[in-house]
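# Geometric and topological summary
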Amino acid sequence: MRRLLWLGIGLAVGALVVRAVTKKAQAFTPQGIAAQARDSAAGFAGTVRGFVDDVRDGMAEREAEIHAAFTDGSTLDEDLYPEGRQHR
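Residues numbered from 1 in each chain as written. Predicted model: local features only at pLDDT ≥ 70, side-chain atom pairs only at ≥ 80, totals over all residues. Heavy atoms only, no water.

### Digging into the overall build of the protein chain
The test is simple: Strands are runs of DSSP state E lasting at least 2 residues, helices are runs of H or I lasting at least 4, and numbering of each runs from the N terminus. A 1.4 Å probe and the Shrake-Rupley method give the accessible areas. Residues count as covered only by the protein chains that appear here.
A tally of helices and strands in the protein chain yields 3 helices and 0 strands. Working note: accessible area of the protein chain is about 8,300 Å², and carbon and sulfur atoms make up 63% of it.

### Quick notes on a nonpolar patch on the surface
Counted only if it meets this: Patches in this entry comprise residues that are over 30% relatively accessible and not in a salt bridge; like charges within 9 Å are linked, as are nonpolar side chains (Val, Leu, Ile, Met, Phe, Trp, Tyr) within 5 Å. Put simply, a salt bridge is a Lys or Arg side-chain nitrogen that is within 4 Å of an Asp or Glu carboxyl oxygen. Buried residues are those whose accessible area, probed at 1.4 Å on protein chains only, stays under 20% of the maximum for their type, while exposed residues exceed 50% and partly exposed ones sit between those limits.
Taken together, L5, W6, I9, V13, V17 and V21 make up a surface patch of nonpolar side chains, about 590 Å² in accessible area. By the element assignment, W6 lies in helix α1 (residues 2–26). Relative accessible area serves as the criterion here: at 56%, W6 is assigned to the exposed category.

### Points about the pattern of salt bridges
What the rule picks out here adds up to 1 salt bridge. In this structure, E65 and R62 form a salt bridge, with 3.0 Å as the shortest nitrogen-oxygen distance. Placement of both E65 and R62 in helix α2 (residues 30–72) is noted, with a separation of 3 residues, approximately one turn of the helix.

Here you go:
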């Protein structure tokens, strides 16, 4: 009975090891490498898309500030140069 228990444990551990090794080995096949490259490209594209969205939001916010300053008749240079316009 004891030998059957150890045989079952050995078979279970062996199956888990084979499954893990097969999964790792598949990552180094051409299809696995292509999938990793595709996932990396998709992640990079998402990052660039997020950056472009942030820039657009910043542009819209700045445009609103400029429009508000224009309608109020104030200048935006006061924020940049509190002591007055600086010359180079």
